[in-house]
Amino acid sequence: MTNSIAEIGDAACILAVGTNTTVAHPVIALQVKRAVARGTRLIVINPKQIDLCRSADLFLQPRPGTDVPLLTAMARVIVDEGLADTAFIEDRCEGFEAFRRSLEAFSPESVEPITGVPAAQIVEAARCYATRKPATLLYAMGITQHTHGTDNVLATANLALLTGNVGKPSTGVNPLRGQNNVQGCCDMGALPNVFPGYQKVADPEIRAKFESAWDCRLSDAPGLTHTEIFDAIAAGRIRSLYLVGENPVLSEANANHVREALKRLDFLVVQDIFLSETAQLADVVLPAATFAEKDGTVTNTERRVQRVRRALEPVGHAKPDSWITCQIARRLGAGGFDDARPENILQEIASLTPSYGGIAYERLEGDGLQWPCPTRDHPGTPLLHRERFATQDGKGRFVPLTYKPPAELPDDEYPLLLTTDRNLFHYHTSTMTGRVEGLKTLAHEELLRIHPDDAARLGIADGQMVQVCSRRGEVTVRANVTEICPPGVVSATFHYAASPINVLTSSALDPVAKIPETKVCAVRVQGQ
């Protein structure tokens, strides 16, 4: 997030696009609802009529996969009606003229048949976002898990730059991360092309710094992304895999492909807190301690580094992840792994990662610190880009965009479009929450949400078991006839092993981020 969670409540306008906030981020949703109660205008853009729509002033319901034309048409309205922040653009941005020319293809009227959103609604949303300042923009995986997910995010950034809603309190472009330490994992280099702190592996000076600290030679070639790893296994290029805290048999797109790939491995190690569906395929399972059984830190979606303090002793033979990693490294003969204490690991992080340079255990009492925090006397940074952007010249760059349809659209054989979501009571693949009886009582099985018109046409009754088929697989699930989804669109979560929805989803990739298009795939639904 460019801004902080607490700032949301002071925004005059909130644009929530591709985020089912009350379900996936309920604490942040409380900030949104409190803001609305104080008079903030709320614009919700989502293919489904989610709970947050009840608090919205404007609800735009585009067809899945059409976010770029919708958001860019909003930008066109802002420019055409003279609502852009010209002073901000001239002082802090570049590339505006090329961007303005690119808007000619995106009038509200021309994108209405693409998005399904009436032109008048697009105009109203654009005016509201541009004139009600400060305006904050929230997004989540509803716009990123597409073959054009990078373009979707760039479209949100274009809107924020166009209206000057960056670098000021209660503004910004604010991604709501999908898990509590996803931000921290990325910060620590759990990406194929960077070291910790987003320092590029291809930079010789950066690489030399890490080689000196770690006393080893490091490759200058980026590795593979999560989805690409399974393709490489299937192709025989990877023969062993060490998987930590991940259940891709349920969570990964095109899950049948993942399961078959894992079976081809010579050796699979899974490190997890429970025997997940993926762990059941492993040659070796390493029992890991839960968050409540270890010390350490997490970095949340607003870049806040916080302490985690052990409350319980680990159960059985479970050990903290850092201890397991260090023990394996030592047995392989590697140096530098003698001390697995979290405070010393954080000290090493600070010594090599400029944005974490001033973060230390003793400074994390209370609410923690937000990076960048480069020195021990630095207070942390709740708000990014106040004076300059993180580019070579400090300018924010407008990016002209074109509309690219999803990789897979409905046809005669697969006439419906499936999009995935989450529910409030279960988390990810239910490795943890699926063991809680109270939560299972509240939501014990998968539901396929389908519009009454589609259900009537297919002869499907509410509560009936149905078969859902795609080009990759099929699942059996109970139908929930509801107007939450528009006609032609069905929706489900991916929480339940009994109805593994990701055997249906597409693993077509965004060419830049290499994220799979789990939010759009063509399916056929039939009663049993």
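The shown structure was predicted, so the numbers you read here are calculated from the model rather than taken from an experiment.

**Q** Which residues make up the layout of surface pockets, and what are the values?
**A** Its volume calculated, the second largest pocket comes out at about 420 Å³. As for the second largest pocket, its lining consists of 24 residues, of which Val23, Arg422, Asn423, Leu424 and Arg449 are closest to the centre. Among the elements of the structure, helix H1 (21-24), strand S17 (447-450) and strand S20 (489-492) are those that each provide at least two residues to the lining of the second largest pocket. A per-class count over the lining of the second largest pocket returns 10 nonpolar, seven polar and seven charged. Both domains that meet at the lining of the second largest pocket, namely domain 1 (5-176) and domain 3 (416-527), each give it at least three residues.

**Q** Describe the packing of aromatic side chains, and please don't skip the residues or the numbers.
**A** Here the structure, examined in full by the defined rule, presents six aromatic pairs. Judged by centre distance (5.0 Å) and plane angle (20°), the rings of Phe99 and Phe398 are stacked. Placement of Phe99 in helix H5 (residues 96-102) and of Phe398 in the loop between strand S15 (396-397) and strand S16 (416-420) is noted, with a sequence separation of 299 residues between them. The exposure class assigned to Phe99 is buried, which follows from its relative accessible area of 2%. Overall, Phe398 belongs to the buried group, its relative accessible area being 5%. Following the ring pairs from residue to residue traces out a cluster consisting of Phe96, Phe99 and Phe398.

**Q** Explain the domain arrangement of the chain to me, and be specific about the residues and the numbers.
**A** Bring the parts together and some accessible area is lost; that lost area is often taken as the interface size. Here the chain is described as being made up of domain 1 (5-176), domain 2 (182-370) and domain 3 (416-527). Placing the centre of domain 2 and that of domain 3 at their C-alpha centroids yields a distance of 30 Å. Facing 16 residues of domain 2, the contacting portion of domain 3 comprises 20 residues. Summing the contributions of domain 2 and of domain 3, the shared interface buries around 1,500 Å²; its carbon and sulfur component is 62%. Put simply, domain 2 and domain 3 have one salt bridge between them. Here Glu228 and Lys514 are joined by a salt bridge, their closest N and O atoms 3.0 Å apart. At the boundary of domain 2 with domain 3, the tally comes to seven residue pairs in polar contact (both at pLDDT 80 or more). Residue assignment for the side of domain 2 that touches domain 3 shows that the elements contributing at least two residues are helix H12 (226-234), helix H13 (248-251) and helix H14 (255-264).

Criteria and thresholds
- Residues numbered from 1 in each chain as written.
- Predicted model: local features only at pLDDT ≥ 70, side-chain atom pairs only at ≥ 80, totals over all residues.
- Heavy atoms only, no water.
- 1 Å grid on protein atoms, 1.4 Å probe; cavity = no way out; pocket = protein on both sides within 12 Å on 5 of 7 lines; lining within 4 Å.
- Points joined across faces, edges and corners; volume = space filled by probe spheres on them.
- Helix = DSSP H or I, 4+ residues; strand = E, 2+ residues; numbered from the N terminus.
- Nonpolar A, V, L, I, M, F, W, Y, C, P; charged D, E, K, R; others polar.
- Domains from an automatic or database assignment.
- Phe/Tyr/Trp six-rings, centres within 6.5 Å; stacked < 30°, edge-to-face > 60°.
- Buried < 20%, exposed > 50% of the residue type's maximum accessible area, 1.4 Å probe, protein only.
- Contact = heavy atoms within 4.5 Å.
- Buried area = accessible area lost by both parts, 1.4 Å probe.
- Salt bridge = Lys/Arg side-chain N within 4 Å of Asp/Glu carboxyl O.
- Polar contact = N/O pair within 3.5 Å; in protein donor to acceptor, adjacent residues only side chain to side chain.

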